[in-house]
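# Structure assessment
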Amino acid sequence: MNSTPEADWLNLLIGLLQGAQLQLLRVLDALGLAGQVHGQPAWPWSQRLSGENLLIDLGQARSLAWTLVFVAVALLALLLALLWRRPRFYFLAMVPMLLIAAPWPEAHVVLVPATPTSFQASPTGFTAASIAKGRVLYEQNCVACHGVDGRGEGPLAASLAVWPPNLSGPLLWRRADGDLLWRILHGTRDAQHGRATMPGFGGKIDEPDAWALIDYMKALGAGQSLRALGSWPQPIGLPDMAVRCGSQPPRTLASWRGQRVRIVAGNAAPAEDPRLVTVLLVPPSPTASSAAADCVAQSAAAWEALALIAGTDRLAGTQLIADRDGWLRVRGEPGNTGWSDDDLVCRSERTTAAGQGAALPADGLGALIARMDAEPVRFVKGGFIH
Ligand code: HEC
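Since the model is a prediction, treat every value here as computed from it, not as a measurement. (Residues numbered from 1 in each chain as written. Predicted model: local features only at pLDDT ≥ 70, side-chain atom pairs only at ≥ 80, totals over all residues. Heavy atoms only, no water.)

### Details of the overall build of the protein
Put simply, the test is: Numbering of helices and strands runs from the N terminus, with a helix taken as a DSSP run of H or I at least four residues long and a strand as a DSSP run of E at least two residues long. Note on exposure labels: buried denotes an accessible area under 20% of the residue type's maximum, exposed denotes more than 50%, and partly exposed covers the range between, all computed with a 1.4 Å probe on protein chains only. Here a residue-residue contact requires only that any non-hydrogen atoms of the pair lie within 4.5 Å. This count recognises Lys and Arg as positive and Asp and Glu as negative, with His and chain-terminal groups excluded. The location of each charge is read from NZ of Lys, CZ of Arg, CG of Asp or CD of Glu.
Regarding its fold elements, the protein presents twelve helices and 13 strands. Taking the principal axes of its C-alpha atoms as reference, the protein extends roughly 85 × 50 × 40 Å. A buried classification covers 45% of the 386 residues belonging to the protein. By sequence separation, contacts in the protein at least 24 residues apart represent 60% of the contacts at least 6 residues apart. Taking the average location of the 32 positive side-chain charges in the protein and that of its 32 negative ones, the two points are 5 Å from each other.

Written out as structure tokens, the structure is:
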């Protein structure tokens, strides 16, 4: 969705809003003014600033950007008034004028309801183990309403006042993780009458459980999208897992962040490629004399997590490539001999338009890598764009 020339400054603006509020919360916490909730500092207000609507309303986004400039100049004028005695009056007079002249955006566009955990970040590191833990909890607690595939068509769904949402849609990515956590633990209410629409699970599960559920639901949603649409419209990270390279001590996939990583599921990896770190993910019960590769991952949880994200029961032979930021971008299906444009399954709109489905030149992988690098994934949380 980063097709517009506005994407860069919008991304910056939204990042700034998020960062400023997070810093404010840290300062409040350091001063002892923020309570604690679910193990992290609590957001004390019922609203917060959000970029969600700015993406739809560019005019308001511009107003906000200009307002920030005006406020910054007003602060500068205040500072100068403090430091410089003679022209103090003029500087002071400028402050209210600037604040009145600023094109303030409409409050309902930039303010959204907040929960005490709105700014909490997941501590799980999106690991394969956490996804596996989430799967068990999901089957025990959520499947009756949300359904095995997360589309909201579980056996209980039809009897509810509100239909559960489709978890493979953009919902999980639009919401801040912390807001998802709050709703899982405390339930949801309908905006009009305040009636409970989903029960809270805080009495049955704890925070680490809820974070694991969020990881699982994202992986499930990604796999369902890939099955239905052939793409990941919402970016999904490469789950972290333990990897062993030769006789070196085990390390994690995340320790290669900053490099491109290719996961090859099966018993044999293709030739090493200097542009990528190649890791062979062997099935939980490998055939004898397998694992011919420099770096190997082997755990049932890792195999399951990647099968879930790739939306397939037969993962063997699949290749997945993550970009330098750890987002999964490219999928090669089993039996693929060359690379085609369709293999770039997490892409921005700009690349969608160009020659979709076309076979790539001999070094097709190089072309895919170049595209992947040229179009990084944007912020995706709380209205952040892809
Ligand atoms: C009794 C049925 C029921 C069960 C059980 C249930 N849900 Fe829900 N869930 C719903 C309904 C209905 C909604 C839609 C609520 C609304 O929009 O007001 C919902 C919404 C959600 C949302 C979206 C919240 C948002 O921000 O809009 C998430 C996430 C979620 N459920 C996760 C879970 C998880 C995780 C579990 C298991 C621990 C679970 N649900 C169990 C019925 C259920």
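Following the structure, the description resumes.
### What about the state of the cysteines?
Note on terminology: a disulfide is the covalent bond linking the sulfur atoms of two cysteines. Spelled out, the test is: Working definition: a disulfide is two cysteine sulfur atoms within 2.5 Å of each other.
Tallying each qualifying case throughout the model produces one disulfide. Covalent S-S linkage joins Cys 245 and Cys 295, the inter-sulfur distance amounting to 2.1 Å. Classification of the bridge connecting Cys 245 and Cys 295 rests on its S-S torsion, roughly 110°, and on that basis the disulfide is right-handed. Of this pair, Cys 245 sits in strand β7 (residues 242-245) while Cys 295 sits in strand β11 (residues 295-297), and the two are 50 residues apart along the sequence. Both residues of the pair, Cys 245 and Cys 295, count as buried.

### Observations regarding helix α2 (residues 58-83)
Rule in force here: A helix is expected to span 1.5 Å multiplied by its residue count minus one.
For α2, spanning 26 residues, the distance from its first C-alpha to its last is 38 Å, which sits close to the expected 38 Å at 1.5 Å a residue. Every buried residue belonging to α2 is among Gln 60, Ala 61, Ser 63, Leu 64, Thr 67, Ala 74, Ala 77 and Ala 81, and all of these are buried.

### Some thoughts on the pairing of strand β9 (residues 261-265)
Heads up, the condition is: A strand pair is defined by DSSP finding two or more bridges across the two strands.
With five of five residues buried, β9 lies mostly within the body of the structure. With five bridges joining them, β9 and strand β10 (residues 277-281) adopt parallel strand pairing. Counterpart to Val 264 in the pairing with β10 is Leu 280. Pairing of β9 with strand β12 (residues 319-322), which is carried by four bridges, proceeds in the antiparallel orientation. Considered in β12, the bridge of Arg 262 is made with Ile 321.

### Quick word on helix α5 (residues 128-141)
Across its 14 residues, α5 extends 20 Å between first and last C-alpha, which sits within 8% of the 20 Å expected from 1.5 Å per residue. When α5 is considered as a whole, its buried residues turn out to be Ala 128, Ser 130, Ile 131, Ala 132, Gly 134, Leu 137, Tyr 138 and Asn 141. Contact partners of the buried residues in α5: α6 (143-146), α9 (207-229) and α10 (300-310).

### As for the site of the ligand
Just so we agree on the cut-off: Neighbouring residues are identified by heavy atoms, a residue being near a molecule or strand if any of them is within 4 Å of it. Residues adjacent in sequence count toward polar contacts only when both atoms are side-chain atoms; beyond that, a polar contact is any pair of N or O atoms within 3.5 Å, and within protein one must be able to donate a hydrogen and the other to accept it. Residue polarity is assigned by list, with Asp, Glu, Lys and Arg as charged and Ala, Val, Leu, Ile, Met, Phe, Trp, Tyr, Cys and Pro as nonpolar; anything else, Gly included, falls into the polar class.
In the vicinity of the ligand lie 20 residues, with Cys 142, Cys 145, His 146, Arg 175 and Met 198 positioned nearest. His 146 is positioned with one of its side-chain polar atoms (N or O) 2.7 Å from a nitrogen atom of the ligand. Thr 197 places a side-chain nitrogen or oxygen 2.7 Å from an oxygen atom of the ligand. Elements represented by at least two residues in the shell around the ligand include exactly α6, α8 (177-186), β6 (196-198) and α9. Here the shell around the ligand gets three residues from one element, more than from any other, and that element is α8. Split by residue class, the shell around the ligand holds 14 nonpolar, four polar and two charged.

### Description of the UniProt feature "domain: Cytochrome c" (unreviewed entry) in the protein
Basically, it comes down to this: UniProt positions are given in the numbering used here, feature names are shortened, and annotations may be inferred rather than shown by experiment.
Here the UniProt-annotated "domain: Cytochrome c" (unreviewed entry) positions come out as residues 129-221. A helix fraction of 49% and a strand fraction of 5% characterise residues 129-221, whose end C-alpha atoms lie 17 Å from each other.

### Topic: the nonpolar core
The line we're drawing: Nonpolar core, defined: a set of buried Ala, Val, Leu, Ile, Met, Phe, Trp, Tyr and Cys residues in which side-chain atoms within 4.5 Å join the residues together. Marked domain ranges trace back to an automatic or database domain assignment.
In this structure, Trp 232, Leu 253, Trp 256, Val 279 and Leu 281 are the most contacted members of the largest nonpolar core, which totals 55 residues. The element that contributes the greatest number of residues to this core is α9, accounting for ten residues. Each of two domains, domain 2 (128-229) and domain 3 (242-374), supplies a minimum of three residues to this core. Excluding its chain neighbours within four sequence positions, the residues that come into contact with Leu 253 are Leu 238, Pro 239, Asp 240, Met 241, Val 243, Val 261, Ile 263 and Val 279.

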